[in-house]
Amino acid sequence: MKFKAQIMDEQAIQRASTRIAHEIIEKNKGIEDVVLVGIKTRGVPFAKRLSDKIEAIEKAKVDTGIVDITLYRDDLSKIDENPVINSTDIQVNINNKVVVLVDDVLFTGRTVRAAMDAIMDIGRPRSIQLAVLIDRGHRELPIRADFVGKNVPTSKEEVVCVHFEEIDNINDVTINER
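Because the structure is predicted, anything quoted here is derived from the model rather than measured. (Residues numbered from 1 in each chain as written. Predicted model: local features only at pLDDT ≥ 70, side-chain atom pairs only at ≥ 80, totals over all residues. Heavy atoms only, no water.)

## Notes on the sheet that holds strand β4 (residues 98-106)
- Strand order in the open sheet formed by 5 strands is β3-β2-β4-β5-β6, and the pairing between neighbours is parallel. Sheet topology places β3 (63-67) and β6 (147-151) at the edges, where each strand pairs with a single neighbour. Between one strand and the next, the sheet's axes are offset by a mean angle of 25°, whatever the strand orientation.
- Here helix α1 (residues 10-27) sits on the sheet in contact with β2 (34-39), β4, β5 (127-135) and β6, set at roughly 150° to β6.
- Strands β2, β3, β4 and β5 of the sheet are contacted by helix α4 (residues 110-122), whose axis makes an angle of about 155° with β4. (Pairing = 2+ DSSP bridges. Helix = DSSP H or I, 4+ residues; strand = E, 2+ residues; numbered from the N terminus. Axes fitted to C-alpha atoms, helices over the stretch in contact; angles between N-to-C directions. Contact = heavy atoms within 4.5 Å.)

## Comments concerning the packing of aromatic side chains
- Per the stated rule, a full pass over the model turns up 1 aromatic pair.
- Here the aromatic rings of phenylalanine 46 and phenylalanine 164 are separated by 6.0 Å at their centres, their planes lie at 15°, and the arrangement is stacked. With phenylalanine 46 in helix α2 (residues 43-58) and phenylalanine 164 in the loop between β7 (158-163) and α5 (165-168), this pair connects stretches of sequence that are 118 residues apart.
- By relative accessible area, phenylalanine 46 is classed as buried at 0%.
- A cation over a ring is seen here: arginine 136 above phenylalanine 107, with NZ or CZ 3.9 Å from the ring centre. (Phe/Tyr/Trp six-rings, centres within 6.5 Å; stacked < 30°, edge-to-face > 60°. Buried < 20%, exposed > 50% of the residue type's maximum accessible area, 1.4 Å probe, protein only. Lys NZ or Arg CZ within 6 Å of the ring centre and 35° of its normal.)

## Details of the pattern of salt bridges
- Following the criterion strictly, the structure yields 13 salt bridges and no others.
- For arginine 49, the salt bridge is made with glutamate 166, and the minimal N-O distance between the two is 2.9 Å. Placement of the pair is arginine 49 in helix α2 and glutamate 166 in helix α5, with a sequence separation of 117 residues.
- One salt bridge connects arginine 110 with glutamate 140, and the closest N-O pair in it is separated by 2.6 Å. (Salt bridge = Lys/Arg side-chain N within 4 Å of Asp/Glu carboxyl O.)

What follows is the structure in structure tokens.
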């Protein structure tokens, strides 16, 4: 891939995360029944960041979890005959809770659909909301984010790469060309 542009630096990611945290609190009138669930891989550190921001604002901890969508993907057979299964880790009962799925990039909507299937296999939330750092368009399913850090119009040939320090040792968002 060829680097094209940096679209968010560390400060921009921090500002977007703070805004999204406030929007989650406002939309849900607090955090009493809210559970943040990060979609592996980069949704997990983003959910942790949102959790930390919400805790700083509300002076209360928000429940968090991790969902692995590997077995729920509609393209599983195209990826690998022996997929690596990571663990889903949601320690709280999600029945009648507001589950906020958290991911780095919203593209076709297929990852979110798989995550919703995984959540519904665990329990029956009152509602499911979606928070993403980047919405790049090109939806193939009727899915939209409730909370968006930045809308970035892209071509299908472009790749949006979110880098979090916890995984990549840097905090930024870039666009690359295939």
